[in-house]
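Observations on the three-dimensional arrangement
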Amino acid sequence: MGKAILGGLIASGQVQPGQIWVYTPSADNVAALHDEFGINAAESAQDVAQAADIVFSAVKPNITVKVLSEVASSLNKESLVVSIAAGVTLDQLARALGHDRKIIRTMPNTPSLVNAGMTSITPNALVTPEDVADIVAIFRCFGEAEVVAEPMIHPVVGVSGSAPAYVFMFIEAMADAAVLGGMPRAQAYKFAAQAVMGSAKMVLETGKHPGELKDMVCSPGGTTIEAVKVLEEKGFRAAVIDAMQACMAKSEAMSK
Ligand SMILES: NC(=O)c1ccc[n+]([C@@H]2O[C@H](COP(=O)([O-])OP(=O)(O)OC[C@H]3O[C@@H](n4cnc5c(N)ncnc54)[C@H](OP(=O)(O)O)[C@@H]3O)[C@@H](O)[C@H]2O)c1
């Protein structure tokens, strides 16, 4: 995920590679990033904290607090710290970094890896509107980004962070059905995935209600309304809502 942020940032031209410092414990991985992107290889996380105005923490959630506690004293007074760790709250981040720090909690999703991510941005009270605008612009380099209040993180996990898994299951199921109808599997995945991507684009680009777009596909007495009737009988929409309620409840339980 850190590499997706790095790649998006450089591709956008907003920041030159020479202005970026990267550290990971594996010197080989940092050297590979230096060779690929031209960024500066830092020798420690503290070096990054000293050099940067904006520090991204892209380590696993279970070590986020520890890693940030270790760099806290190296940060500059006005530095902004951006965490992408799932489930690590602004309060936990402030306890690691100090309650006088500008901190932003974000939640990207895996489509960021193909420049189609969706990221939630949650600043603490010390972050300025200009800082928020900068960070939104950075995450928009590889997809979309929206500012949300911290309690909205659980719906974000349900509708964005975890959502690619349900969509992949839907694509797989549609492709299985196409194979049942005699289509070769590789072609079936292509048709199914393109149908999902195109439909999503129609929602985003036409601004029409999804129900209206569905109605446009359903000719009277046609094939589509037959499928819609079966999906309603099998509880398709209720299943999605129940699944997401379970996901949001788990996210909430894990953050306590
Ligand atoms: N993947 C997702 O879909 C997703 C979505 C939303 C949020 N996130 C969040 O993104 C974060 C990273 O997840 P990921 O899937 O990208 O994990 P990942 O591929 O394992 O990357 C973790 C990175 O952290 C580096 N690292 C480990 N210990 C470190 C330390 N002490 N100091 C500095 N760097 C250190 C690793 O370096 P080496 O390369 O040297 O091992 C590696 O580059 C997590 O907090 C996760 O919650 C992920």
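Residues numbered from 1 in each chain as written. Predicted model: local features only at pLDDT ≥ 70, side-chain atom pairs only at ≥ 80, totals over all residues. Heavy atoms only, no water.

Let us look at the domain arrangement of the protein. Domain assignment breaks the protein into domain 1 (2–153) and domain 2 (161–254). Centre-to-centre, using C-alpha coordinates, domain 1 lies 33 Å away from domain 2. (Domains from an automatic or database assignment.)

What follows concerns the packing of helix α4 (residues 61–71) against helix α5 (residues 90–97). Their axes nearest at 8 Å, the elements α4 and α5 cross at an angle of 30°. When the axes of α4 and α5 are compared, the crossing they make is right-handed. Note on element contacts: α5 touches α4 through Q92, L93, A96 and L97, opposite T64, V65, L68 and S69. (Axes fitted to C-alpha atoms, helices over the stretch in contact; angles between N-to-C directions. Helix = DSSP H or I, 4+ residues; strand = E, 2+ residues; numbered from the N terminus. Left-handed = near helix turned anticlockwise from the far one by under 90°. Contact = heavy atoms within 4.5 Å.)

With that out of the way, let us pick up the site of the ligand. Residues in contact with the ligand amount to 18 residues; listed here are only the nearest, M1, T24, N29, V59 and T110. In the model, an oxygen atom of the ligand is placed 2.9 Å from a nitrogen or oxygen of the A86 main chain. Burial of the ligand by the protein chains amounts to 67% of its free accessible area of 900 Å². Considering each element in turn, the shell around the ligand owes the most residues, three residues, to α4. Its residues assigned to classes, the shell around the ligand comprises 13 nonpolar, four polar and one charged. (Near = heavy atom within 4 Å. Polar contact = N/O pair within 3.5 Å; in protein donor to acceptor, adjacent residues only side chain to side chain. Areas by Shrake-Rupley, 256 points an atom, 1.4 Å probe, with all protein chains shown as cover. Nonpolar A, V, L, I, M, F, W, Y, C, P; charged D, E, K, R; others polar.)

The next thing to look at is the packing of aromatic side chains. For the coordinates displayed, the defined rule picks out three aromatic pairs. Measuring from centroid to centroid gives 5.9 Å for F170 and F236, while their planes differ by 40°, and the two rings are tilted. Of this pair, F170 sits in helix α8 (residues 163–180) while F236 sits in helix α12 (residues 236–254), and the two are 66 residues apart along the sequence. The class for F236 is partly exposed, based on a relative accessible area of 35%. Counting every residue linked through ring pairs, the aromatic cluster contains F56, F139 and F142. (Phe/Tyr/Trp six-rings, centres within 6.5 Å; stacked < 30°, edge-to-face > 60°. Buried < 20%, exposed > 50% of the residue type's maximum accessible area, 1.4 Å probe, protein only.)

What follows concerns the pairing of strand β6 (residues 117–123). Of all the seven residues making up β6, five are buried; the element is thus mostly covered by neighbouring parts of the structure. Two elements, strand β5 (residues 102–107) and β6, share four bridges in a ladder whose sense is antiparallel. Counterpart to I104 in the pairing with β6 is P123. Judged from the five bridges that link them, β6 and strand β7 (residues 143–147) form a sheet pairing that is parallel. Within the sheet, the bridge partner assigned to T119 lies in β7 and is A145. Taken together, β6, helix α6 (residues 129–139) and β7 constitute a β-α-β crossover, and its handedness is right-handed. (Pairing = 2+ DSSP bridges. Right-handed = clockwise from strand over helix to strand, strands pointing away.)

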